[in-house]
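Each chain is listed here by its residues.
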Amino acid sequence: MAGFARPSTLVGIAAPMAVWALHFVVLYSLQGLTCGEGWNPRSSFWAMVALTIPALAVIAWLGLRALRTARAAASGEPAARRARFAAQATGLCAVLAAVAVLFTVVPVLLLPVCS
């Protein structure tokens, strides 16, 4: 599993955005089900907050791993430069995904669940 989503692969570059997309779908599906099916809004609020914490943790882990990979691939060989570029792209995607997750969760924190 660790080799599957290395920061220097295309899957690794896309992994932070995949975490954001999964968080987005689950959060808004839960919100829709809460309002449509009459679930307890307070429980749904806390579930949404609880889902955000692991999403941010995974994104942070992916970003830190990319940062370590970028620092390790510092030699001037073409393969090392490509690996460094891919790791830097993964790090930037991790930052973008973290901002997107926070942007997604702000309405949950500021508005009633079924407003």
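Refer to the structure presented above.
Just so it is clear, the model here is predicted, and its values are computed rather than measured.

**Notes on the overall build of the chain**
Point 1. Counting its secondary structure elements, the chain contains three helices and zero strands.
Point 2. Ordered by position from N to C terminus, the α and β elements of the chain give α-α-α.
Point 3. Taken over the C-alpha trace, the chain has a radius of gyration of 17 Å; the compact-globule value for 115 residues is 13 Å, which it surpasses by more than 25%.
Point 4. Its C-alpha atoms put the chain at 60 × 25 × 15 Å along the principal axes.
Point 5. Relative to its full complement of 115 residues, the chain shows a buried share of 32%.
Point 6. For the chain, the proportion of contacts with a sequence separation of at least 24, taken over those separated by at least 6, is 74%.
Point 7. Total accessible area on the chain is roughly 7,100 Å²; 74% of this is exposed by carbon and sulfur atoms.

**Things to note about the state of the cysteines**
Put plainly, two cysteines are in a disulfide when a covalent bond ties their sulfur atoms together.
Point 1. What the rule picks out here adds up to one disulfide.
Point 2. Paired through a disulfide, Cys 35 and Cys 114 show a sulfur-sulfur distance of 2.2 Å. Between Cys 35 and Cys 114, the disulfide has an S-S torsion of -110° and is therefore left-handed. Linking Cys 35 in helix α1 (residues 10–37) with Cys 114 in the segment after α3 (78–110), this pair joins segments that are 79 residues apart in sequence.

Procedures and definitions
- Residues numbered from 1 in each chain as written.
- Predicted model: local features only at pLDDT ≥ 70, side-chain atom pairs only at ≥ 80, totals over all residues.
- Heavy atoms only, no water.
- Helix = DSSP H or I, 4+ residues; strand = E, 2+ residues; numbered from the N terminus.
- Rg over C-alpha atoms; globule rule 2.2 N^0.38 Å.
- Buried < 20%, exposed > 50% of the residue type's maximum accessible area, 1.4 Å probe, protein only.
- Contact = heavy atoms within 4.5 Å.
- Areas by Shrake-Rupley, 256 points an atom, 1.4 Å probe, with all protein chains shown as cover.
- Disulfide = S-S within 2.5 Å.

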